[in-house]
Amino acid sequence: YVSHLLERCVTDCEEGQGATCGGLANPVSNNLFADPMSCCLAELDWRFVDFCEADSLLINCYEGTGKYYRGDTAGRPVCVRDCDPEVTGDTTCGGLVE
């Protein structure tokens, strides 16, 4: 189910049962989903779905799409790629789009 406070999807389980556990879901107000991807698509559609899924699973292996975006949003005067320059070492990376 979605945790709007954490802005990610969490697992329906008693607190302390793992890092992705969000506590027991409220059967009246929480929609349950089979996986984080489904939850992200339905409940956090304003977030980039792959980033939401990685965030919900508490993994940091999301490397970006590799697509280009306007660099002025990253403080650069040219088009840059959606990737992490510190991880890849690629100077065309402008940072991850969230």
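Residues numbered from 1 in each chain as written. Predicted model: local features only at pLDDT ≥ 70, side-chain atom pairs only at ≥ 80, totals over all residues. Heavy atoms only, no water.

Undergrad: Honestly, the pattern of salt bridges in this entry has me stumped. Any pointers?
TA: In a structure, side chains of opposite charge can pair up when their charged atoms sit close to one another. Tallied over the full model, the rule gives 2 salt bridges. The partner of D55 in a salt bridge is R47, with the nearest N and O atoms 3.2 Å apart. Linking D90 and R81 is a salt bridge whose minimum nitrogen-to-oxygen distance equals 2.5 Å. With a relative accessible area of 25%, D90 lands in the partly exposed category. (Salt bridge = Lys/Arg side-chain N within 4 Å of Asp/Glu carboxyl O. Buried < 20%, exposed > 50% of the residue type's maximum accessible area, 1.4 Å probe, protein only.)

Undergrad: Is there a simple way to think about the side chain of R47 in this case?
TA: In this fold, R47 is placed in the loop between α1 (36-43) and α2 (49-56). Here the side chain of R47 touches D55 through a polar contact of 3.2 Å, side chain to side chain. Excluding residues within four positions of it along the chain, R47 makes contact with E7, R8, C52 and D55. (Helix = DSSP H or I, 4+ residues; strand = E, 2+ residues; numbered from the N terminus. Polar contact = N/O pair within 3.5 Å; in protein donor to acceptor, adjacent residues only side chain to side chain. Contact = heavy atoms within 4.5 Å.)

Undergrad: Before we go on, may I ask you to explain the side chain of R8 in this structure?
TA: Within the secondary structure layout, R8 lies in strand β2 (residues 8-9). Look at R8: it is buried, it has no salt bridge, and the nearest opposite charge is D55 at 5.3 Å. Contacts of R8, omitting those with residues within four sequence positions, involve Y1, V2, S3, A19, T20, L44, R47, D55, S56 and L58. (Lys, Arg positive; Asp, Glu negative; His and termini not counted.)

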